[in-house]
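Single-letter residue listing:
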Amino acid sequence: MGRPAASPPLSVGLAAAAQAIAHRMSGGQGAIAPSSSAVTDLIYRGTRYWGLAQVRCGRLAKQKPDPEILALLAIAWAAIDQTLRETHVVVDEAVAAAKLLTRSAGRSDTVAKKISGFVNALLRKSLSDPAACAKDHEQPIARWNAPAWWIERIDSDYKDKANEILDALTTRAPLTVRLCEPHLYSQQFIEKLNEKGLAGYRVGQHAVAIEPAVPVTEIPGFSQGWASVQDSAAQLVIQPIQDLCQRLGRRPKILDACAAPGGKTFAIAQSVQAEIWAADVSPARLKRMRDDWPRVKPTSQASVQFILLDVLDERAWDQKLGPAAGFDAILLDAPCTGSGITRRQPEIPWRRDQAGLEAVVDIQRRMLDTLWRRLLPGGELIFVTCSVFAAEGELQESAFLGRTPDARSLPSPGRLLPVTDAECGNDQDGFFYARFQKQKHDGPDSGAACHRHAVVGPDRER
Ligand SMILES: C[S@@+](CC[C@H](N)C(=O)[O-])C[C@H]1O[C@@H](n2cnc3c(N)ncnc32)[C@H](O)[C@@H]1O
């Protein structure tokens, strides 16, 4: 029998995690695949400390280090604070990781020595002054791990509720699944988790949070399509579609205009009898969705057609769907900043800027107007973003109603604020839902005018 393989030294994991974080933070497309779950964990911890590392380096260093070294320091400070290992071990391994990073970048031994010396000095300097280090955590950029403009946006949108929202967005989210009844009910699912030594908490009608998180292949019922990973707020798309089916009394034709990787399409397909057209502009994301479909299909009540399509491109639309194509319902789960899901992806605030926010708001506006033309009279458009910014929620909704005389606002889940408290049965990402019905005629009693007042501001929950 061979001896079990020794796990690689911590320095190797630290260097790999630092490279992955730097890649993400520099706007690199596609994540560098982590070599192990230990590296994935270091990436998450370091990403959560990116703001802290900026604040602390600003205080202690004359010059801001390169992104990889900044990321290495972020991970090391997180590991020290969270006592991942003994402090002296973290410092020694971080110094070794700095040498690995500099050498793998093709730099000389002299440079490697200088940079590892810098890492050593900075970590030791911080350890010598715990009071100053505690104060670093109070800086908004460190506390909420986001740039100043991002925090100011949430402040101005939510006023005295802002801190609570920012706190919720900086806590770690559990792994949440959507259960496909009657194949799997929550109580049954929780018992199956308990048998595996895991805990489960109900956080929505079909939603159960799993603690601790496990790879999807270990989720009971995953391979049969009875359980799928989806946040509880994202699952709320099901109810409006069920209402629509009941109102129409027939199998509706639904366009999911931004469908990939399929979370909402599959939730709808497993809940109602419908003809679904799932469109997305990204070939890679659409492929991922198509590849996952066989898992879900046996328990689906709907047919799903996959279409590679830029929904803003009217000519491509006509070619792929026909000029007269109209839908009973259109789901626009729009591209957005993702400001409501930073519990899961803490790098998001650092990868966006204000110009990017304005650009995405403009894309959402154009998508709303384009898709509206494809909706049949009496049909419904559901607009969703996983953002807490009012510009991508309440303001987008009221502007649309203001310029669309044949749109009537219908009840919807509305503004959903992020909450992290799975054990209390309350856990969700930040989302926004609006629902519009297309009036059958343009009479004086139809549409926006009488419904504009129904829009609720971000500081009021619905
Ligand atoms: C928020 S994600 C959708 C998530 C998906 N609905 C789910 O629940 O899994 C937004 C999607 O919009 C797609 N997208 C962006 N611009 C688009 C366009 N012009 N036409 C079609 N899809 C677009 C992106 O590729 C991305 O997959």
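What counts, and where the lines are drawn
- Once a new chain begins, its residue numbering starts again from 1 and follows that chain's sequence as written.
- This being a predicted model, a pLDDT of at least 70 is required before a residue's local features are given, and a value of 80 or more before pairs of side-chain atoms are given or counted; all residues contribute to the totals for chains, interfaces and linings.
- Based on all heavy atoms of the structure, the side-chain values leave hydrogens and waters out of the count.
- Numbered from the N terminus, helices here are DSSP runs of H or I no shorter than four residues, and strands are runs of E no shorter than two.
- Burial classification: accessible surface area is computed with a 1.4 Å probe over protein chains only, and a residue below 20% of its type maximum counts as buried, one above 50% as exposed, and the rest as partly exposed.
- Contacts are residue-level and defined by heavy atoms, with any inter-residue pair within 4.5 Å sufficient.
- Accessible surface is estimated by sampling points in the Shrake-Rupley manner with a 1.4 Å probe; for residues, cover comes only from the protein chains shown.
- His is not counted here, nor are the chain ends, while Lys and Arg score as positive and Asp and Glu score as negative.
- Just so you know, the charge point we use is NZ for Lys, CZ for Arg, CG for Asp and CD for Glu.
- A side-chain nitrogen of Lys or Arg and a carboxyl oxygen of Asp or Glu constitute a salt bridge if their distance falls within 4 Å.
- In this analysis an axis means a line fitted to C-alpha atoms, helices contributing only their contacting stretch, and an angle means the value between N-to-C directions, from 0 to 180 degrees.
- The labels follow the angle: roughly parallel below 35 degrees, roughly antiparallel above 145, roughly perpendicular from 65 to 115, and oblique for the rest.
- By convention, the crossing between two helices is left-handed when the near helix turns anticlockwise from the far helix through less than a right angle, and right-handed when the turn is clockwise.
- Under the scheme applied here, ten amino acids are nonpolar (Ala, Val, Leu, Ile, Met, Phe, Trp, Tyr, Cys and Pro), four are charged (Asp, Glu, Lys and Arg), and all others, including Gly, are polar.
- What makes a residue near a molecule or strand is one non-hydrogen atom of that residue sitting within 4 Å of it.
- Contacts described as polar in this section are N or O atom pairs within 3.5 Å, which, within protein, must combine one atom able to donate a hydrogen with one able to accept it, while residues neighboring in sequence count only if both atoms come from side chains.
- Only strands that DSSP links by at least two bridges are regarded as paired with each other.
- What counts as a domain boundary in this text is fixed by an automatic or database domain assignment.
- The term buried area means the drop in 1.4 Å probe accessible area that two parts suffer when joined, counted for both and summed.
- Between the rings of Phe, Tyr and Trp (Trp by its six-membered ring), a pair exists once the centres lie within 6.5 Å; its type follows the angle of the planes, with under 30 degrees stacked, over 60 edge-to-face, and the other angles tilted.
- Comment: the charge-over-ring label is applied if NZ (Lys) or CZ (Arg) is within 6 Å of the ring centre and within 35 degrees of the ring normal.

1. What to know about the overall build of the protein chain
Step number 1: Helix and strand counts for the protein chain stand at 17 helices and 14 strands.
Step number 2: Taking the principal axes of its C-alpha atoms as reference, the protein chain extends roughly 75 × 55 × 45 Å.
Step number 3: Among the 462 residues that make up the protein chain, the fraction classed as buried is 54%.
Step number 4: Across the protein chain, every contact between residues at least 6 apart in sequence was considered, and the portion connecting residues at least 24 apart equals 74%.
Step number 5: When the accessible area of the protein chain is evaluated, it comes to approximately 21,100 Å², of which 52% is carbon and sulfur surface.
Step number 6: The protein chain carries 56 positive and 53 negative side-chain charges, and their two centres are separated by 4 Å.

2. A short note on the pattern of salt bridges
Step number 1: Counted according to the given criterion, the structure contains 26 salt bridges.
Step number 2: The closest approach of N and O atoms between D92 and R124, which form a salt bridge, is 3.8 Å. Taken as a pair, D92 in helix α5 (residues 87-104) and R124 in helix α6 (residues 109-127) lie far apart in primary sequence, 32 residues in all.
Step number 3: Here the salt bridges do not stand alone but share partners, grouping D231, R343, R344, D427 and D429 into one network.

3. A closer look at the packing of helix α1 (residues 10-25) against α5
Step number 1: Two elements in contact, α1 and α5, have axes whose closest approach is 8 Å; the angle formed by their N-to-C orientations is 55°. Here α1 is positioned oblique relative to α5, judged by the angle of their axes. Considering the relative orientation of α1 and α5, their crossing is right-handed. Contacts between α1 and α5 involve L10, S11, V12, L14, A15, A18 and Q19 on the former and, on the latter, E93, A94, A96, A97, L100, L101 and S104.
Step number 2: Taken together, the residues of the contact of α1 with α5 sort by class into 10 nonpolar, three polar and one charged.

4. Here we look at the site of the ligand
Step number 1: In the vicinity of the ligand there are 19 residues, among which G263, D280, R285, D310 and D333 approach most closely.
Step number 2: A distance of 2.7 Å is found between an oxygen atom of the ligand and a side-chain nitrogen or oxygen belonging to D280.
Step number 3: R285 has a polar side-chain atom sitting 2.6 Å from an oxygen atom of the ligand.
Step number 4: Look at the ligand: alone it shows 600 Å² of surface, and the protein chains cover 85% of it.
Step number 5: Of the residues belonging to the shell around the ligand, the class tally is 11 nonpolar, three polar and five charged.

5. With respect to the sheet that holds strand β3 (residues 207-211)
Step number 1: Strand order across the open sheet formed by four strands is β2-β3-β1-β4, with antiparallel pairing between neighbours. Each edge of the sheet is formed by a strand with only one pairing partner; in this case those strands are β2 (199-202) and β4 (227-229). Ignoring which end each strand starts from, the neighbouring axes of this sheet average 35° apart.
Step number 2: Examined bridge by bridge, β2 and β3 share four bridges and lie antiparallel to one another. Directly across from G200, in β3, lies its bridge partner I210.
Step number 3: The strands touched by helix α11 (residues 186-195) are β1 (175-179), β2, β3 and β4; relative to β2, the strand with the most contacts, the crossing angle is about 160°.

6. Structural notes on the pairing of strand β14 (residues 431-438)
Step number 1: Within β14, eight of the eight residues are buried, leaving the element largely enclosed by the surrounding structure.
Step number 2: Residues F431, Y433, R435 and Q437 of β14 are buried on one face, and the alternating residues F432, A434, F436 and K438, pointing to the opposite face, are buried as well.

7. A look at the domain arrangement of the protein chain
Step number 1: Under the domain assignment, the protein chain is made up of domain 1 (10-143), domain 2 (175-225) and domain 3 (234-454).
Step number 2: For domain 1 versus domain 3, the distance between C-alpha centres works out to 39 Å.
Step number 3: Each partner contributes residues to the interface: domain 1 has 12 residues there, and domain 3 has six residues.
Step number 4: The largest per-residue losses of area from domain 1 upon contact with domain 3 belong to R24, M25 and Y44, which jointly make up 49% of the total buried on that side.
Step number 5: Linking domain 1 with domain 3 are zero salt bridges, by the criterion used here.
Step number 6: On the surface where domain 1 and domain 3 come into contact, there are two residue pairs in polar contact (both at pLDDT 80 or more).
Step number 7: Listing elements by their share of the side of domain 1 that touches domain 3, those giving two or more residues are α1, α2 (37-48) and α3 (50-60).
Step number 8: Of the residues belonging to the side of domain 1 that touches domain 3, the class tally is four nonpolar, six polar and two charged.

8. Details of the packing of aromatic side chains
Step number 1: As enumerated under the stated definition, the model contains 10 aromatic pairs in all.
Step number 2: Each member of the aromatic cluster is reached from another via a ring pair, and the members are W149, W150 and F389.
Step number 3: Positioned over the ring face of F327 is K253, at 5.0 Å from the centre of the ring.

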